[in-house]
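Notes for the structure review
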Amino acid sequence: MIIAVASGKGGTGKTTVSVNLARVFGNGVQLLDCDVEAPNAHLFLRGDLLVEETVNIRIPEVNSQLCNGCGDCSDFCEFNAVVTIAKSAMVFPELCHACGGCETVCRKNAIREADSRIGTVQTINAGDITLVHGRLDVGISSASPLVEAVKRRIQPELHAILDAPPGTSCPAVATLRKSDYVVLVTEPTPFGLHDLKLAVAMVRQMGIPFGVVVNRYGIGDDRVHLYCGRENIPLLLEIPDDRRIAEAYSRGETIVDVLPAYLGLFTQLRDSLLYRAD
Amino acid sequence: MKELVIISGKGGTGKTSVTASFAALAERPVMADCDVDAADLHLVLTPEIRQRNDFYSGHEAVIRPQDCINCGVCMDPCRFGAVVEVDMATNGASFAIDPIACEGCGVCVWLCPTKAIDFPERLCGEWMVSSTRYGPMVHAQLGVAAENSGKLVTAVREMARLLAEQESRKLIIIDGPPGIGCATIAAMTGASLALAVTEPTVSGEHDLERILSLARHFGIPVSVCVNKWDLNPEMTERIENKAVQAGARIVGRIRYDRAMTYAQMQAQAAVEANAACAADIRQVWRQLEL
C-alpha cells in the first residue's frame, strides 16, 4: 500500500506522522521523503547509508557548428528557456522543463541533451525502515523531477509511506500521484482549516481516498472537526497538544520511542489505514 | 522603497503570524502575500477585495476526440506521462491528456499528424488587490496542481511595487512561502532584506541552513529570529550561533505563546491582541530598523 502524508499548511506534523507511522509498521516498510526542498525525516531515523545517487535531468545543448540560427527551437519553447541570437541558439537551464521539444523540432540535428544535476537520493537502512531521502540542490527551482526520482525507488512488495511537501502545487501533486491513500495532517486553527480545504480539493481532484489527522488538538477550536463531519471526511486520529511532544520533536526524537503512552495512537492509525486498504 | 521578505525553509515556523504583526507596526506598508499555494495572511488582515484578476500562464494540451485517429504517436514522447489511454466508447478517442500531469510543453501538439490537439492558455489561479486596515494588500490563490507558482508570485510582487510607487509607500512586507523552490526564489529575488523565522528544532535548524544558503546565492542580506524559542533554549542558541557563522544577523527571539493562536482565531495580529509574545515581536521589528 502506498500512503502519502500531506497537508495544505506547512508545519502541521507530516514528518512527525510519517516517521512515527513508519516506526509502528514494523518489518520492511519504506519511508520516502518527497519533501525534497526541506527534507527532515532523516533527522529522526538514523541508520547506515546504502546508496547515494546523483539525480539529473536532461537539458539541451546547442552545437553552434550545426546551428543555423533558424529560431525554430526558441519559437517552440514554452518556457523561454531557448533564445536565438545572432545565428545561434542559447539555452537557459534554470528555465528548462526538460520536455525534449527543442531537440525534436530542430531540423539541423544541432541540439543534443546532456545531464544536468538537480540533487541527490540517498537510501538509508534504518532498522526495519528503508528510508529514501531526496535532497534538492539549493538554487534549483523545480522539485518535481526529483520527487519522481525518489518515487522510482518504491519497491512494490513493501508498504510505502511518502512524506509529502506542504501545499497543493506541483511537488505535492507529484508526490501524491498514484498513491493508494492520502493522510492529510492539519491543526485545529483558522490557518489549518483554510489550507486543509485546499488540500482536500487537491486529493478530490486527483481521485484518491483520504482521511484527516488533527495534530496539536486543543490549541484552537473544533472548526476542523465540524468541517470533516459536514464533508463526511474520516477523522483518523487526534494527537493532543502536548509540550512533551514538541520538545521530543525539537530534539529529533520519535514520539513512539520516547513517549510510549502515544504508541497506541500510531498503531491505531496504522490499523485504520491497513483496514482501508482492504 | 524597501522590500522585506519573510521566509523560513521549514513550514509552520510563524511567517504569516509575524507578517501580520509587522503590518500593524509598520508605517504605511504594502502587504504582498506570496505564499500563493496556501495563502493565509488574509485570515488575519481581513482584506476588502477591490480588484480580481485571472492569472493565465502557459498552456495545456487537449485532444479533440473527433479528430483523433488513435495513432498513439503523442504518447511516448511525452516526458510527463500526461498522455493516457482511455475508453474509446466513453471518450470518443483512445487517448486523452491528464491536465494534472500536462506540463504545457507542446510536444504532442507539434507531433500530432492530424493536428487534433488544442493548446489553449491555462488558467492557473487568480490574484487580488485589496485594502486592509494597515494598507493595500496584494494576494493570490494558485489553482490546484498548477504550474507557474513562481510567475504568480512575480505578478503579486510587481503589483505591490506599483501600488507602493503610486501611493508613495516606502515598505513592502512580503509573506513568503516555505521551502526553497521556485515560489520562494521568486518571492526573494531583489528584496532589500530577508527575515528568516525559524523554530528551535532539528528540522528548523536543518532547513534554516538551506534557506540561508539560498539567500547567499541571491545576495540578499538575512536577519534571523527564532520563534517559540523557549521550547528548546539550547537549540535556540545553537541555531543562532550557526546563523551568525553563516553571515546572518540575529534580530531577536519570540517566545512560545498560545495567545498567538487565540489572536489568529480573532483575526488579530499578536501585537493587536496584546499577547505576551507581542513585546518580543516589537523588539524584532525595532531591530530590523525599517
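Scroll up to find the structure.
Residues numbered from 1 in each chain as written. Chains lettered and ligands numbered in written order. Predicted model: local features only at pLDDT ≥ 70, side-chain atom pairs only at ≥ 80, totals over all residues.

The next point concerns the pairing of strand β6 (residues 111-126) of chain A. Regular strands place side chains that alternate from one sheet face to the opposite one. All names here are of chain A. In this sheet, β6 lies alongside strand β3 (residues 48-62) in antiparallel orientation, the contact comprising 14 bridges. Opposite Arg-58, over in β6, you have Asp-115 as the bridge partner. Across eight bridges, β6 lies against strand β7 (residues 129-136) in antiparallel orientation. Following the sheet pairing, Ala-126 is matched in β7 by Ile-129. (Pairing = 2+ DSSP bridges. Helix = DSSP H or I, 4+ residues; strand = E, 2+ residues; numbered from the N terminus.)

With that out of the way, let us pick up the nonpolar core. Residues and elements named next belong to chain B. If you look at the biggest cluster of nonpolar residues, it comprises 185 residues, and the most contacted ones within it are Val-156 and Ala-196. Element by element, the count of residues in this core is highest for helix α5 (residues 149-166), at seven residues. Discounting residues that sit within four places of it in the chain, Val-156 has contacts with Ala-32, Cys-34, Val-36, Trp-127, Val-138, His-139 and Ala-140. (Core = buried A, V, L, I, M, F, W, Y, C linked by C-beta atoms within 7 Å. Buried ≥ 20, exposed ≤ 12 C-beta atoms within 10 Å, placed from the backbone. Contact = placed C-beta atoms within 7 Å.)

All names here are of chain B. The pairing of strand β3 (residues 48-59) with strand β8 (residues 121-132) spans nine bridges and is classified as antiparallel. Bridging from a neighbouring strand, Glu-48 pairs with Ser-131 of β8. The turn linking β8 back onto strand β9 (residues 135-142) is made up of two residues.

Contacts between the two partners involve 51 residues from chain B and, on the opposite side, 51 residues from chain A. Ranked by residue count, the leading element in the side of chain B that touches chain A is helix α7 (residues 202-217) of chain B, at eight residues. Residue composition of the side of chain B that touches chain A, grouped by class: 21 nonpolar, 21 polar and nine charged. (Nonpolar A, V, L, I, M, F, W, Y, C, P; charged D, E, K, R; others polar.)

As a further point, take the environment of A:Pro240. Residues and elements named next belong to chain A. Its place among the elements puts Pro-240 in strand β11 (residues 235-240). In the structure, Pro-240 is positioned 25 residues away from Asn-215 in sequence and 6.5 Å away in space, judged by C-alpha atoms. Residue contacts for Pro-240: discarding those within four places in its chain leaves Tyr-217 and Gly-218.

Remember, this is a structural readout, not a statement about activity or role.
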